[in-house]
Amino acid sequence: MVEPTSCSTSSSFPPSPDCTQDRTDVSSQGKAEGANSAQLLNSTLEIQTLQILNSSDDCILVLDLTGCILFVNRGGQTFLGTENSRPFLNTFWTEFWQQSEQQAASDAIARAAAGEVFSFEGYRSTPRGEARCWHTKISPIHGVDGRVERLLCIARDITEHKQIKASGEQAEEKLRESEDRYQAIVNQAVTGVARVDLAGRLTLVNQKYCDITGYSADELYQRRMQDITHPEDLPRNIELFTRMLTEGTPFEIEKRYIRKDGSIVWVNNSLYVICDRHSQPQSVVAIALDITERKRREAHGAFLSEIGEDFSRFSTANEIMQAIGAKIGAYLQITTCNFADVDVTHGQVTVHHGWSSPDVPSTVGTFCLSQYLRPEFERASQAGETVV
């Protein structure tokens with residue numbers, strides 16, 4: 001590599017001044033010593049500056065205002081693709097760029113010569129034909145009078161960075177495509193599908209899951225699994241969820257969701273943990289099946305079974321009616337259950353047996369039909385329909 005010729009300095013200094021010399025001689029000698037000291041200082045600074053420039057792995061060039069190369073540091077030899085930069089001195093810097101990049105390089109020189117700091121990215125092929133990408137910044141070097149005298153060019157090889165960035169963008173694109181395919185598959189599922197993070201926040205749901213919970217997808221993304229689970233079912237759910245994250249064991253649970261309208265829906269949830277490439281839990285997928293109707297049938301069956309047991313356990317009509325009335329009241333969440341004869345001919349209703357919750361008076365007795373039943377109930381009863 002070529003380094004600027006350094007200033008030569010004398011190894012000795014003028015002798016100390018004689019005391020008998022007049023003031024003029026002393027003054028002249030002092031000026032000479034000052035000039036020599038300034039020259040030595042400048043030389044020292046130039047050498048130190050050169051050492052600093054050569055210690056950098058970046059390509060550092062000094063150009064004249066036309067873009068002619070005046071100085072190249074050791075890192076610049078990589079840019080030029082040579083171990084000897086001498087032949088490249090006093091050549092135009094723009095010619096080292098690919099044809100498509102030369103206009104950008106010329107514009108950078110023109111703007112730096114005008115006093116601007118300008119950056120651009122471009123490709124330059126190595127002697128082996130390998131295209132390398134360089135991030136280049138050109139800055140003006142001002143003289144003592146403030147005018148631009150030279151240009152400082154600093155270029156850094158960012159090829160690997162660009163490759164990593166491109167690989168990352170490709171990976172992100174593949175991930176987006178994978179997510180889109182996954183979402184399409186999920187949306188076609190006949191069961192509810194939801195994905196939650198390790199804190200239980202919902203991050204992906206299909207339309208069936210929205211239908212089950214009564215929330216839109218955007219509303220669910222603002223909630224956690226804990227927020228829509230019935231409080232009575234939550235402790236067991238959290239216990240199994242935590243165990244799955246620790247042991248990796250999938251689990252299944254029947255629980256209740258509280259829908260947006262406040263109603264209850266029963267679901268059978270099958271949960272699976274999704275791990276990253278290091279086998280660490282990353283998210284959880286839940287497959288939700290609406291089992292509300294099944295739960296309702298099971299409750300009906302259990303209710304009828306209990307009533308059947310009451311019929312066999314009690315002997316008097318009043319005992320049976322009280323027991324059955326209490327169960328019907330609890331099952332339907334009502335306060336009164338009466339067993340009555342309706343006499344349409346005479347317009348009367350006679351309640352022979354009835355059950356009422358403790359805070360409600362007994363309604364056993366005879367009543368006017370029009371006072372006891374609303375017209376629509378009376379018509380339904382005459383038609384043999386069940387009215388609830």
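Here the structure is a predicted model, which is why all the values come from computation and not from measurement.

Draft legend 1. Here's a closer look at the overall build of the chain. Each helix and strand in the chain was counted, giving 12 helices and 13 strands. Burial statistics for the chain: of 388 residues in total, 31% are counted as buried. Summed over all atoms, the accessible surface of the chain reaches about 24200 Å², with 52% contributed by carbon and sulfur.

Draft legend 2. Representation of the sheet that holds strand β9 (residues 264-275) within the structure. Taken in spatial order, the five strands line up as β7-β6-β10-β9-β8 in an open sheet, and their pairing is antiparallel. Each of the sheet's edge strands pairs with one partner strand only, and the pair in question is β7 (202-205) and β8 (251-258). The mean angle between the axes of side-by-side strands here comes to 30°, regardless of whether they run parallel or antiparallel. The pairing of β9 with strand β10 (residues 281-290) spans nine bridges and is classified as antiparallel. Its bridge partner lying in β10, Asn 268 is registered against Leu 289. Set on the sheet, helix α8 (residues 234-247) makes contact with β6 (192-196), β8, β9 and β10; between it and β8 the angle comes to about 140°. Those strands touched by helix α9 (residues 292-313) are β8, β9 and β10, and its axis lies near 130° from that of β9.

Draft legend 3. Molecular detail of the pairing of strand β2 (residues 69-72). Direction of pairing for strand β1 (residues 59-63) relative to β2: antiparallel, over a ladder of three bridges. Each bridged residue has a counterpart across the sheet, and for Leu 63 the counterpart in β2 is Ile 69. Connecting β1 to the antiparallel partner β2 that follows it, the hairpin turn spans five residues, and Gly 67 within it adopts a positive phi of roughly 95°.

Draft legend 4. Region of the structure containing the state of the cysteines. Here the structure, examined in full by the defined rule, presents zero disulfides. The thiol of Cys 59 is not disulfide-bonded; the next cysteine sulfur, from Cys 153, is found 5.8 Å away.

Draft legend 5. Structural context of the pattern of salt bridges. Evaluation of the coordinates by the stated rule reveals 17 salt bridges. Between Arg 259 and Asp 261 there is a salt bridge whose closest N-O contact spans 3.8 Å. You can call Arg 259 partly exposed: its relative accessible area is 21%. A single network of salt bridges, built from pairs that share partners, joins Glu 254, Arg 294, Lys 295 and Glu 298.

Draft legend 6. Spatial organisation of the nonpolar core. Counting 24 residues, the largest nonpolar core has Leu 202, Tyr 209, Leu 220, Phe 241 and Leu 271 as the members making the most contacts within it. The dominant element in this core, judged by the number of residues it contributes, is β9, at four residues. Dropping the residues within four chain positions of it, Tyr 209 is found in contact with Gly 192, Val 193, Ala 194, Leu 202, Leu 220, Ile 228, Tyr 257 and Ala 288. Membership of the second largest hydrophobic core comes to 21 residues, among which are Trp 93, Trp 97, Cys 153 and Ala 155.

Draft legend 7. Layout of the side chain of Asp 233. With respect to the element layout, Asp 233 can be found in the loop between α7 (225-228) and α8. Asp 233 gets classed as buried once you look at its relative accessible area, which sits at 11%. Once residues lying within four places of it in the same chain are set aside, the contact partners of Asp 233 are Lys 255 and Arg 256.

Draft legend 8. Main features of the pairing of β7. Direction of pairing for β6 relative to β7: antiparallel, over a ladder of three bridges. If you follow Ala 194 over to β7, its bridge partner there is Val 205. Here β6 folds back onto β7 in antiparallel fashion, the turn holding five residues, of which Gly 200 has a positive phi close to 95°.

Draft legend 9. Examining the packing of aromatic side chains more closely. Tallying each qualifying case throughout the model produces four aromatic pairs. Between Trp 93 and Trp 97, the ring centres sit 5.6 Å apart and the planes meet at 85°, which makes this aromatic pair edge-to-face. Side by side, Trp 93 and Trp 97 carry an identical accessibility label, which is buried. An aromatic cluster of three or more residues is present, and its members are Trp 93, Trp 97 and Phe 120. Note that Lys 295 overlies the ring of Trp 266, its terminal NZ or CZ placed 4.4 Å from the centroid.

Draft legend 10. Structural view of the sheet that holds β1. Read from one edge of the open sheet, five strands run β2-β1-β5-β4-β3, paired in antiparallel fashion. At either margin of the open sheet sits one strand with a lone partner, and together these are β2 and β3 (118-125). Taken over all neighbouring pairs, the strand axes of this sheet differ in orientation by 30° on average, direction set aside. The strands touched by helix α3 (residues 102-113) are β3, β4 (131-142) and β5 (148-157); relative to β3, the strand with the most contacts, the crossing angle is about 150°.

Draft legend 11. Main features of α9. Over its 22 residues, α9 runs 31 Å from end to end, which matches the ideal 32 Å to within 8%, given 1.5 Å per residue. Regarding α9, the residues found buried are Thr 292, Phe 303, Ile 307 and Asp 310. Relative to the axis of α9, the buried residues are bounded by an arc of 55° and lie together on one face. For α9, the exposed residues set more than 90 degrees away from the buried face come down to Arg 297, Leu 304 and Ser 312. The inward-facing, buried residues of α9 contact β9, β10 and α10 (317-332).

Draft legend 12. Representation of unusual backbone geometry within the structure. Unusually for a residue other than glycine, Asn 90 sits at a positive phi of about 65°. Secondary-structure assignment places Asn 90 in the loop between α2 (74-80) and α3. Relative accessible area serves as the criterion here: at 57%, Asn 90 is assigned to the exposed category. With phi around 65°, Ser 279 is a residue other than glycine that occupies positive phi space. Relative to the elements of secondary structure, Ser 279 occurs in the loop between β9 and β10. A residue is classified by how much of its surface remains accessible, and Ser 279, at 55% relative accessible area, is exposed.

Thresholds, definitions, all that
Residues numbered from 1 in each chain as written. Predicted model: local features only at pLDDT ≥ 70, side-chain atom pairs only at ≥ 80, totals over all residues. Heavy atoms only, no water. Helix = DSSP H or I, 4+ residues; strand = E, 2+ residues; numbered from the N terminus. Buried < 20%, exposed > 50% of the residue type's maximum accessible area, 1.4 Å probe, protein only. Areas by Shrake-Rupley, 256 points an atom, 1.4 Å probe, with all protein chains shown as cover. Pairing = 2+ DSSP bridges. Axes fitted to C-alpha atoms, helices over the stretch in contact; angles between N-to-C directions. Contact = heavy atoms within 4.5 Å. Disulfide = S-S within 2.5 Å. Salt bridge = Lys/Arg side-chain N within 4 Å of Asp/Glu carboxyl O. Core = buried A, V, L, I, M, F, W, Y, C linked by side-chain atoms within 4.5 Å. Phe/Tyr/Trp six-rings, centres within 6.5 Å; stacked < 30°, edge-to-face > 60°. Lys NZ or Arg CZ within 6 Å of the ring centre and 35° of its normal. Expected span 1.5 Å × (residues − 1). Arc of directions from axis to C-beta.

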